Amino acid sequence: MAFTAARHRVTAAVAAAICVGSALAACSSGSGNGGTPAADASGALKVWARAANDSPKAFQAIYDAFTQKTGIKIEPFFTLTDFETKLTAAAAAHDLPDLVVDDAAQLGNFKTQGIIRAVDKSKLAGADQLAPGSWASASDLSGKTYAIPFSAQANLLFIRKDWLTRLGLSEPKTWDDVTAVAKAFTTQDPDGNGKADTYGLDVPGSTTRGYISWYWSTFFWQAGGEYFKDAGNGKFTATVNSPPGKQSLKWFEGMYCGSPKVVQPSSLNDTTTETNKAFQTGVTGMYFTGPYAYATMDGSAVKGKYEVIAPPPGPGGAKTLAEGTNIYLMQGQRPNAAQKLAEFMITQEAQNLGMTKVPSATIVRLPVNTSVDAASAHKSDDRWTLAQQVYKDQGHYEPVNMPNWTALRQASSDALNAVIAKCGDSDAALDQLNDKLNTLLKQQGVAAG
Amino acid sequence: MSALRTSAAPVALPAQRDRSGSRRTVPQRLGRSLTPWLFLAPALIFFGVFKFWPSIWGVYLSLFHVQPYLGDQWLGAANFTRTLDDPDLQAAVWHTVLDAFVQVAGSMLVGFVLALLLEGPARHLRILRTAVFLPAVIAMVAVAELWHALLFPGRYGAVNSLLGDVGLGPLPFLASPNSSLWTIMLVQIWKHAPYDMVIFIAGLVGIDRELYEQCSIDGANAWQRLWNVTLPALRPITTIVLILGLIRGLRVFTEIYVLTGGGPGGSTESIVTYVYRNVVVNNDIGYAAAISALLLAATILLTAVTLWWRRHRENA
């Protein structure tokens, strides 16, 4: 979801055709566990990163610096499209890469598949330089570490400054303001072209990768909701249907189903590929997304026409979706070299490279290394100061430590997308979702009672 | 059908010669019987590696909870019994069957009308036929991407902008669960109808012209000629195109995946997109394999019934 998160369905369609056409067998083989070899196998280190556009260049800069230092060659692979799909296929073929850079939210998914190694922090050079908080999304419920944090971020509100000015509106400060601005953007022709062809709010509402609930989470937490309640002893109960949860979904659904409908009409099938485009081309005027989108948006016609502000607080306070990008050590044949690369990627040098080497691709958004400061690295762009501040003040992580958060997020997305598609009873939908989440918690072995 | 019979003849000939030429040595005879297999070998090896073996392996996997790095767990028939109690799968089956029927019937109807309009030797008809046939040769992924852009549900989508000019819309098309599946069917018909047209034109050309003349002499009008001569003569082609289309329709994936990804609200989920979701989203390879195995069984059954029925009719 991080990066300039996107989906392009075409490659997936081809991959799927191969998978499904052969009755799936090509997607799996045999069983067994590689175990940890004592010495590394020969050959280049295979490294996958979920990245597209200019981001691969930034990763390559880090890899090159690493190769120069250590002599270890790297065979990189980059894709944004269906990254986890390809990883699943690689796992099924017992041909995993040695190291993977992907969202922290995938931790449980990877761990459940048994494709990542546990990380021994005491043996990881530079582990002590990382912000203690950044480790939170790299460990499971028992506190055991399964990844190394690489970058962090929190969503901000991107809003069309020129539209606000034309309509004589000010920046939204509350939920009511967000609603009012969204309505004005939809009905008052903010681009002045004489046509009713603009929308207030840009939402990737597809169920792919759990987009819709990922996006809604900000409002859910702003209302004061939480997905789960800790019942002690590592057990949890779902609480998505709490009054704040219901309030936030009702409000969110109103954006789609109220009068006027203020979300772009293709939303429920859209991923961030489409929503980025909608914001870039002046279809939508407000978009909650991460600081990685500075580069995406500045590379388009919308540059200079939008501003970035802290997400307006909801009835339950100021919260916004925070996310981490992790380095995962895979069950490959080169564990020592992989760990060396991971150690390099969290150094001051690599973190700086990731932030500034390629201006159009900030693969390290907010650094995890405490000796690096994003605001001073991006001196010319004070939006990074805001990004850092919002992350610190409002950042709220998804419960990525659950045994398999992606499965829970997917269930939430399916439920949200379905009820909004019908403009149905949002309260009842959340009650049903709560039951479903409790069932999933039971399947994952962490349900209370 | 006649083509099948003629192609069978040369195969029969060497066998007869073999029987008469008993002077041939054993290696010679062996060589003769092996030759056709040698010619078939590349295709057989290809299908074996990429189709047959994966299919068998897939059926085997359907008996497990598949975890490549943790070891597969034997489940027996549990994945199969689960399919009986899965409302999402049932919805997907319903969408698939409905889609198969409507798009196949729609494509045939449009294809037939196009064939009637565009049959003939005139040069301008040839150009028109080529133009009309183009959608059939474009890859489905490209077609779907194209329509995805054209059908944007807002006022500035190309189709909605045209509708707006005549005072209609904007229609939601793929964005509403009420219209999404029907919109996909329209795209499928747009793509498949020209192909059916070509088959129908071939059929029309094969109809004995004398029948039309006789009809005219008997005073039949155009409608009666169509009803009493053209349609009966096209019946064999029609049935086979229909049934093969339905069988193919069960595997619908590309256009749905590209256009809607199965949404909104699961309203366009088909059997194969559901299988895909189970593999890549839920990592539930065993369950997906079980659904695939059932789909394979249904396809084989349908094909067998079709073949039996054709033979039955031809013999009758």
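Residues numbered from 1 in each chain as written. Chains lettered and ligands numbered in written order. Predicted model: local features only at pLDDT ≥ 70, side-chain atom pairs only at ≥ 80, totals over all residues.

## Section: the overall build of chain B
Next, step 1: When you go through chain B residue by residue, the secondary structure sums to 13 helices and two strands.
Next, step 2: Here chain B has a C-alpha radius of gyration of 25 Å; the compact-globule value for 316 residues is 20 Å, and the former is much larger.
Next, step 3: Of the contacts made within chain B by residues no fewer than 6 positions apart, 63% connect residues no fewer than 24 positions apart. (Helix = DSSP H or I, 4+ residues; strand = E, 2+ residues; numbered from the N terminus. Rg over C-alpha atoms; globule rule 2.2 N^0.38 Å. Contact = placed C-beta atoms within 7 Å.)

## Here's the deal with the overall build of chain A
Next, step 1: Along its length, chain A carries 16 helices and 13 strands.
Next, step 2: Over its C-alpha trace chain A gives a radius of gyration of 22 Å, about what one expects of a compact globule, namely 22 Å for 449 residues.
Next, step 3: Projected onto its principal axes, the C-alpha positions of chain A cover 65 × 55 × 45 Å.
Next, step 4: Within chain A, contacts between residues separated by at least 24 positions form 76% of all contacts whose residues are at least 6 apart in sequence.

## Quick notes on the domain arrangement of chain A
All names here are of chain A.
Next, step 1: For chain A, the assigned domains are domain 1 (37–154 + 323–396) and domain 2 (156–321 + 402–443).
Next, step 2: One C-alpha centre belongs to domain 1, the other to domain 2; they are set 27 Å apart.
Next, step 3: Listed per partner, the contact involves 23 residues of domain 1 and 21 residues of domain 2.
Next, step 4: Elements with a minimum of two residues in the side of domain 1 that touches domain 2: helix H4 (107–113), strand E4 (148–154), helix H14 (383–394) and strand E13 (395–397).
Next, step 5: For the side of domain 1 that touches domain 2, the element with the most residues is H14, which contributes seven residues.
Next, step 6: Taken together, the residues that form the side of domain 1 that touches domain 2 break down as eight nonpolar, 11 polar and four charged. (Domains from an automatic or database assignment. Nonpolar A, V, L, I, M, F, W, Y, C, P; charged D, E, K, R; others polar.)

## Digging into helix H8 (residues 243–257) of chain A
Next, step 1: Look at H8 of chain A: 20 Å from first C-alpha to last across 15 residues, which is about the 21 Å you get at 1.5 Å a residue.
Next, step 2: Buried residues of H8 of chain A: Pro244, Gly245, Gln247, Ser248, Leu249, Trp251, Phe252, Glu253, Met255 and Tyr256 of chain A, and no others. (Expected span 1.5 Å × (residues − 1). Buried ≥ 20, exposed ≤ 12 C-beta atoms within 10 Å, placed from the backbone.)

## Topic: the interface of chain B and chain A
When the parts come together, some accessible area is lost, and that loss is often what is quoted as the size of the interface.
Next, step 1: In this complex, chain B contributes 50 residues to the contact, which on the side of chain A involves 46 residues.
Next, step 2: Going through the elements one at a time, helix H2 (26–61), helix H6 (140–150), helix H11 (254–259), helix H12 (271–280) and helix H13 (285–315) of chain B are the ones with two or more residues in the side of chain B that touches chain A.
Next, step 3: Element by element, the count of residues in the side of chain B that touches chain A is highest for H2 of chain B, at seven residues.
Next, step 4: For the side of chain B that touches chain A, the class distribution of residues is 31 nonpolar, 15 polar and four charged.

## Re the nonpolar core
All names here are of chain A.
Next, step 1: With 181 residues, the main nonpolar core has Leu99, Phe158 and Leu341 as its most contacted residues.
Next, step 2: Of the domains in this structure, domain 1 (37–154 + 323–396) and domain 2 (156–321 + 402–443) are the two that each give at least three residues to this core.
Next, step 3: Not counting the four nearest positions on each side in its chain, leucine 341 is found in contact with Leu45, Val47, Phe66 and Leu99. (Core = buried A, V, L, I, M, F, W, Y, C linked by C-beta atoms within 7 Å.)

## Quick look at the sheet that holds strand E10 (residues 306–309) of chain A
Across a sheet, paired strands are connected by hydrogen bonds in the backbone, their directions being either parallel or antiparallel.
All names here are of chain A.
Next, step 1: On the basis of which strands lie adjacent, the open sheet formed by four strands has the order E6-E9-E5-E10 and mixed pairing. The outermost strands of the open sheet, each flanked by one partner alone, are strand E6 (199–202) and E10. Neighbour to neighbour, the strand axes of the sheet diverge by 20 degrees on average, direction disregarded.
Next, step 2: With three bridges connecting them, E6 and strand E9 (residues 284–289) associate as parallel partners. Following the sheet pairing, tyrosine 199 is matched in E9 by threonine 284. (Pairing = 2+ DSSP bridges. Axes fitted to C-alpha atoms, helices over the stretch in contact; angles between N-to-C directions.)

## Observations regarding helix H15 (residues 405–422) of chain A
Residue and element names in this part refer to chain A.
Next, step 1: For H15, spanning 18 residues, the distance from its first C-alpha to its last is 26 Å, which sits close to the expected 26 Å at 1.5 Å a residue.
Next, step 2: When you tally the buried positions in H15, you get 17 out of 18 residues, the bulk of the element.
Next, step 3: Following H15 by one or two positions, cysteine 423 has its phi on the positive side, about 50 degrees.

## Considerations on the packing of helix H4 (residues 87–118) of chain B against helix H8 (residues 180–205) of chain B
Two numbers describe a pair of packed helices, the interaxial angle and the distance between the axes.
Residues and elements named next belong to chain B.
Next, step 1: Two elements in contact, H4 and H8, have axes separated by 6 Å at closest approach and are oriented at 45 degrees. Comparing the axis directions of H4 and H8 gives the class oblique. With respect to the hand of their crossing, H4 and H8 are arranged in right-handed fashion.
Next, step 2: Of the residues assigned to the contact of H4 with H8, the class counts are 16 nonpolar, seven polar and two charged. (Parallel < 35°, antiparallel > 145°, perpendicular 65-115°, else oblique. Left-handed = near helix turned anticlockwise from the far one by under 90°.)

## Quick look at the environment of threonine 237 of chain A
All names here are of chain A.
Next, step 1: The topology assignment puts threonine 237 in strand E8 (residues 236–238).
Next, step 2: C-alpha of threonine 237 to C-alpha of asparagine 434: the two residues are 197 residues apart in sequence and 8.9 Å apart in space.
Next, step 3: The contact partners of threonine 237, leaving out residues within four places of it in the chain, are Phe228, Lys229, Ala231, Asn438 and Ala448.

## Comments concerning the pairing of strand E3 (residues 99–103) of chain A
Each regular strand displays side chains that alternate between the two surfaces of the sheet.
Residues and elements named next belong to chain A.
Next, step 1: Across the five residues of E3, five count as buried, placing the element largely inside the fold.
Next, step 2: Both strand E1 (residues 45–50) and E3 contribute to a ladder of three bridges, which runs parallel. If you follow valine 47 over to E3, its bridge partner there is leucine 99.

## A few points about unusual backbone geometry
Next, step 1: In this structure, proline 260 of chain A follows serine 259 of chain A across a cis peptide bond, with omega equal to 0 degrees.
Next, step 2: Looking at where proline 260 of chain A falls in the secondary structure, it is placed in the loop between H8 and helix H9 (272–280).
Next, step 3: That bond from glycine 263 of chain B to proline 264 of chain B is cis: its omega, -10 degrees, falls within 30 degrees of zero.
Next, step 4: Inspection of the secondary structure assignment puts proline 264 of chain B in the loop between H11 and H12.
Next, step 5: Located in the positive-phi region is asparagine 283 of chain B, a residue other than glycine, with phi close to 55 degrees.
Next, step 6: In this fold, asparagine 283 of chain B is placed in the loop between H12 and H13.

## Focus on the environment of glutamine 348 of chain A
All names here are of chain A.
Next, step 1: Among the structural elements, glutamine 348 can be located in helix H12 (residues 348–356).
Next, step 2: C-alpha separation for the pair glutamine 348 and proline 367, spaced 19 residues apart in sequence, amounts to 8.9 Å.
Next, step 3: With near-sequence residues (within four places) excluded, glutamine 348 lies in contact with Asn369, Ser371 and Val372.

## Concerning the packing of H2 of chain B against H13 of chain B
Residues and elements named next belong to chain B.
Next, step 1: Between H2 and H13, whose axes approach to 7 Å, the crossing angle comes to 120 degrees. Accordingly, the angle class assigned to the pair H2 and H13 is oblique. Considering how the two elements wind past one another, H2 and H13 form a crossing that is left-handed. On H13, the residues touching Ser55, Gly58, Val59 and Leu61 of H2 are Ile285, Gly286, Ala289, Ser292, Ala293 and Leu296.
Next, step 2: Here the contact of H2 with H13 is built from residues that sort into six nonpolar, four polar and no charged.

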